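The lines below spell out each chain.
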Amino acid sequence: MNYDREFGKHGVGGLLVMQLRNNHQPNASSLQTSLPKRNVGLSGRFTYAYDSRYFVEGNFGYNGSERFDKDHRWGFFPSAGLAYMVSNEKYFKNLLPYVQKLKLRASYGLVGNDNIGDSNARFLYLSEINMNNGGTGASFGYNEGAYKKNGIGINRYADPSIGWEVAKKMNFAVEMTFLDALNVTAEYYKESRDHILQSRADIPNTMGLWKTPNANLGKAKSHGVDLSLDYNKYFTNDTWLQLRGNFTYAANQYVEYEEVEYPGAPWKSRVGNPIAQEYGYIAEGLFVDDEEVRNSPVQFGEYGAGDIKYRDVNRDGVISELDMVPIGYSKDPEIVYGFGASYGFKNFDVSVFFQGLARESFWIDYGRVSPFFDNSGTDARENNQLAKFIADNHWSETNRNIYAVWPRLSDSSIENNAKKSTWFMRDGSFLRLKQLEIGYTLPQRLIQKAGLKNLRVYFTGNNLFCFSKFKEWDVEQAGDGLKYPLQRIYNIGLNLTF
């Protein structure tokens with residue numbers, strides 16, 4: 001049902017929608033996934049505008065999810081927004097030649113999420129039991145092999161208290177237009193999420209549970225900024241110019257997170273760190289010789305001179321998980337941006353667009369990039385290439401450089417060197433010339449005789465060059481430099497109109 005009406009300076013609108021969803025997967029792998037997925041919801045919207053200056057909007061959603069118990073199945077999620085068109089005020093008229101639009105807006109609301117946990121874990125309020133579990137059976141007879149009877153296994157415990165994950169979202173924005181040419185939008189948002197589903201971390205093994213239960217335990221918060229601009233100007237001398245740009249910054253962190261407490265190791269806590277924070281070891285260099293190995297804290301597996309030396313953060317004489325600390329940025333960039341321009345003069349035109357990101361880290365994949373061995377389980381050593389940067393700068397008996405780019409070479413993976421650490425951590429930020437296009441439109445007097453209305457010749461290039469601190473391969477390939485690289489593409493073409 002939709003309703004809109006104008007009353008002089010007043011404008012009123014409304015919308016009411018009911019949704020029923022029934023999704024069936026015919027070739028499901030289990031009984032639970034074969035059952036139809038059903039959700040129901042009622043949503044509504046109310047809008048009010050006065051004199052093209054003041055705007056109010058209210059929304060609500062009342063949704064039911066099959067995944068939760070009847071006491072937590074339904075969720076009510078309202079939101080409201082306000083806007084003020086300052087440029088439509090009488091006192092603003094003196095500024096209109098310079099600022100054609102100034103709009104302020106704000107919103108606040110709740111958003112529910114029932115897509116939590118494993119997508120195949122239907123009906124979280126019910127237990128899931130395997131009545132024919134071979135892993136828990138019993139064998140009888142000679143050498144316990146003559147007869148076997150399968151047992152019962154528990155895949156999930158029932159928890160009727162699990163419910164919606166709820167996000168409280170707040171947004172403030174300014175929209176402006178300058179000189180009838182430049183449009184700018186600046187937004188700041190803040191979000192607080194609670195009832196995040198996570199595995200319990202304080203369950204002792206003495207309870208004898210088959211599976212670790214889940215619960216709505218986590219809380220997180222995030223904030224960010226979105227900026228965009230668009231400039232369009234046509235000049236009187238057959239010249240035009242377009243500029244465009246966007247910038248996004250987004251950061252988050254855990255506020256509450258159930259985890260095991262590590263006395264004397266506060267750096268192990270996830271609280272206060274980003275949700276996708278990476279943890280690893282601090283690499284101090286490479287062992288210069290076996291004497292240094294013997295006089296250093298015990299590390300992992302069999303290792304020796306030329307392997308990575310890790311810092312004993314808690315000073316207990318052993319390198320272990322207690323020495324893992326937050327390292328680098330997340331693999332998801334906190335900053336993403338792009339900007340470009342298009343310019344035309346008479347029959348010539350040129351367009352260029354850059355894209356980039358910042359505050360992102362990645363780790364060179366030791367198992368994929370190392371020469372002479374393969375971690376796939378097959379004998380594919382001939383497929384492992386020796387990268388030039390490894391050949392030029394690795395630790396060896398003749399080059400005992402403790403800061404060489406690569407540790408000692410081996411014909412198999414060394415457990416100690418394969419640990420996630422700062423040694424293989426790299427800066428993933430970059431700025432790329434994503435696209436360049438140059439065109440020329442032939443004059444009408446030259447193409448009319450051929451029966452053409454328009455003929456444009458153009459050249460385009462994609463991924464032409466990239467500015468990055470990482471030089472070994474394309475930075476967007478991240479940790480595996482042996483994957484098929486991003487292609488640089490050139491095109492020459494014609495646009496014809498008859």
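Definitions and cut-offs
Along each chain, residues carry numbers from 1 onward, in the same order as the chain's sequence is written. Given that the model is predicted, a residue must reach a pLDDT of at least 70 before its local features are reported, and side-chain atom pairs must reach 80 or more before they are shown or counted; all residues, however, enter totals for whole chains, interfaces and linings. To get the side-chain values, take all heavy atoms of the structure and skip hydrogens and water. Every case where a carboxyl oxygen of Asp or Glu lies within 4 Å of a side-chain nitrogen of Lys or Arg is listed as a salt bridge. Helix and strand definitions here come from DSSP, where helices need a minimum of 4 consecutive H or I residues and strands a minimum of 2 consecutive E residues; each element is numbered from the N-terminal end. Exposure classes here rest on a 1.4 Å probe applied to the protein chains alone. A residue is buried below 20% of its type maximum, exposed above 50%, and partly exposed in between. Here, nonpolar core means buried Ala, Val, Leu, Ile, Met, Phe, Trp, Tyr and Cys residues that are tied together by side-chain atoms lying within 4.5 Å of each other. Throughout, a residue-residue contact means that at least one pair of heavy atoms, one from each residue, lies within 4.5 Å. Every patch collects residues that have over 30% relative accessible area and no salt bridge, joining them within 9 Å if they carry like charges and within 5 Å if they are nonpolar side chains (Val, Leu, Ile, Met, Phe, Trp, Tyr). The method behind every accessible area is Shrake-Rupley, applied with a 1.4 Å probe, and residues are considered shielded solely by the protein chains displayed. Any two strands are treated as partners once DSSP identifies two or more bridges connecting them. Within 3.5 Å is the distance limit for a polar contact, defined as a pair of N or O atoms, with the added protein rule that one can donate a hydrogen and the other accept it, and that residues adjacent in sequence qualify only through two side-chain atoms. For Phe, Tyr and Trp, rings pair up if their centres lie within 6.5 Å, where Trp contributes its six-membered ring, and each pair is then called stacked (planes under 30 degrees apart), edge-to-face (over 60) or tilted (otherwise). Here, a charge over a ring means that NZ of Lys or CZ of Arg falls within 6 Å of the ring centre while also lying within 35 degrees of the ring normal.

### Here we look at the pattern of salt bridges
Here's step 1: As enumerated under the stated definition, the model contains 25 salt bridges in all.
Here's step 2: Arg53 is the partner of Glu89 in a salt bridge, and the nearest nitrogen-oxygen pair spans 2.8 Å. Of this pair, Glu89 sits in the loop between strand S5 (74-85) and strand S6 (99-113) while Arg53 sits in the loop between strand S3 (37-50) and strand S4 (54-65), placing them 36 residues apart in sequence. For the pair Glu89 and Arg53, a shared accessibility class is recorded, and that class is buried.
Here's step 3: The residue Arg156 makes a salt bridge to Glu128 at a minimum N-O spacing of 3.3 Å. A residue pair is termed long-range when its members are at least 10 positions apart, and Arg156 in strand S8 (residues 147-156) and Glu128 in strand S7 (residues 128-140) qualify at 28 residues.
Here's step 4: Residue classification places Arg156 among the buried residues on the basis of a relative accessible area of 12%.
Here's step 5: You can call Glu128 partly exposed: its relative accessible area is 25%.
Here's step 6: Taken together, the shared-partner salt bridges in this structure form one network comprising Lys101, Arg105, Glu175 and Glu187.

### As for the nonpolar core
Here's step 1: Grouped together as the largest cluster of nonpolar side chains are 29 residues, with contacts concentrated most on Ile308, Tyr310, Ile364, Val369, Phe389, Trp406 and Phe424.
Here's step 2: Only strand S14 (283-286), strand S15 (308-310), helix H3 (366-369) and helix H4 (388-392) provide two or more residues apiece to this core.
Here's step 3: Not counting residues up to four positions away in its chain, the partners in contact with Tyr310 are Tyr281, Ile282, Ala283, Glu284, Gln299, Phe300, Ile319, Asn416, Asn417, Lys419 and Ser421.
Here's step 4: Counting 9 residues, the second-largest nonpolar core is a separate cluster that includes Phe68, Ile116, Ile162 and Trp164.

### Some words on a nonpolar patch on the surface
Here's step 1: A surface patch of nonpolar side chains, amounting to about 730 Å² of accessible area, comprises Leu16, Met18, Leu20, Leu42, Tyr62, Trp74 and Phe76.
Here's step 2: Mapped onto the nonpolar patch, the elements with two or more residues apiece are strand S2 (10-23) and S5.
Here's step 3: Among the elements that line the nonpolar patch, the one with the most residues is S2, at 3 residues.
Here's step 4: Mapped onto the fold, Leu42 is located in strand S3.

### Details of the pairing of strand S17 (residues 335-345)
Here's step 1: Across 11 bridges, strand S12 (residues 239-256) lies against S17 in antiparallel orientation. Each bridged residue has a counterpart across the sheet, and for Gly245 the counterpart in S17 is Phe339.
Here's step 2: As judged from the 11 bridges shared by S17 and strand S18 (residues 348-358), these two strands associate in the antiparallel manner. Considered in S18, the bridge of Gly340 is made with Phe353.
Here's step 3: Linking S17 to S18, which pair antiparallel, is a turn of 2 residues; within it Lys346 sits at a positive phi near 55 degrees.

### Details of the environment of Glu256
Here's step 1: For Glu256, the position within the fold is in strand S12.
Here's step 2: Distance in space between the C-alpha atoms of Glu256 and Gly272 is 8.4 Å, their sequence separation being 16 residues.
Here's step 3: In this structure, Glu256 is in contact with Gln198, Leu217, Gly218, Lys219 and Val271, ignoring residues within four places of it in sequence.

### Some points on unusual backbone geometry
Here's step 1: One non-glycine residue with positive phi stands out, namely Asp180, at about 55 degrees.
Here's step 2: Summarising the element assignment, Asp180 is placed in the loop between strand S9 (165-178) and strand S10 (182-199).
Here's step 3: Residue classification places Asp180 among the exposed residues on the basis of a relative accessible area of 62%.
Here's step 4: Within the chain, Lys346 stands out as a residue other than glycine whose phi angle is a positive 55 degrees.
Here's step 5: Relative to the elements of secondary structure, Lys346 occurs in the loop between S17 and S18.

### Looking at the pairing of strand S11 (residues 214-234)
Here's step 1: Across 16 bridges, S10 lies against S11 in antiparallel orientation. Bridge pairing links Ser199 to Asn214 in S11.
Here's step 2: Hairpin geometry of S11 and S12 is characterised by an intervening segment of 4 residues between the two adjacent antiparallel strands and by a positive phi of about 60 degrees at Asp238.

### Structural notes on the side chain of Ser361
Here's step 1: Within the secondary structure, Ser361 is located in strand S19 (residues 361-363).
Here's step 2: A polar side-chain atom of Ser361 sits 2.9 Å from the main-chain amide nitrogen of Tyr329.
Here's step 3: The residues contacting Ser361, other than those within four sequence positions of it, are Gly328, Tyr329, Ser330, Lys331, Met425, Arg426 and Gly428.

### Thoughts on the packing of aromatic side chains
Here's step 1: Inspection of the entire model under this criterion finds 23 aromatic pairs.
Here's step 2: Summarising the aromatic geometry, the rings of Tyr62 and Trp74 are spaced 5.0 Å apart at their centres and angled 20 degrees between planes, so their arrangement reads as stacked. Here Tyr62, found in strand S4, pairs with Trp74, found in strand S5; they are 12 residues apart in sequence, far enough to count as distant.
Here's step 3: We classify Tyr62 as partly exposed; its relative accessible area is 37%.
Here's step 4: Taking the relative accessible area as the measure of exposure, Trp74 reaches 42% and is therefore partly exposed.
Here's step 5: The rings of Phe362, Tyr366, Phe389, Trp406, Phe424, Phe470 and Trp473 are connected pair by pair, giving a single aromatic cluster.
Here's step 6: The aromatic ring of Phe430 is capped on one face by Arg432, whose charged end is 5.4 Å from the ring centroid.

### Things to note about the environment of Asp365
Here's step 1: The topology assignment puts Asp365 in the loop between S19 and H3.
Here's step 2: With relative accessibility at 34%, the residue Asp365 sits in the partly exposed group.
Here's step 3: Separated by 53 residues in the primary sequence, Asp365 and Ala418 place their C-alpha atoms 8.4 Å from one another.

### Side note on the environment of Arg67
Here's step 1: Of note, Arg67 is situated in the loop between S4 and S5.
Here's step 2: Placed 97 residues apart in sequence, Arg67 and Trp164 show a C-alpha to C-alpha distance of 9.3 Å.
Here's step 3: In contact with Arg67, other than residues within four places in its own chain, are Asp114, Asn115, Ile116, Asp118, Ala121, Phe123, Leu124 and Tyr125.
Here's step 4: For Arg67, the side chain forms a polar contact with the main-chain oxygen of Ile116, separated by 2.8 Å.

### Thoughts on the side chain of Asn273
Here's step 1: Of note, Asn273 is situated in the loop between S12 and strand S13 (279-280).
Here's step 2: Given the relative accessible area of 17%, Asn273 is considered buried.
Here's step 3: Polar side-chain contacts of Asn273 include one of 3.1 Å to the backbone oxygen of Ser269.
Here's step 4: With residues near it in sequence (within four places) discarded, Asn273 still touches Asn252, Gln253, Tyr254, Tyr279 and Pro326.

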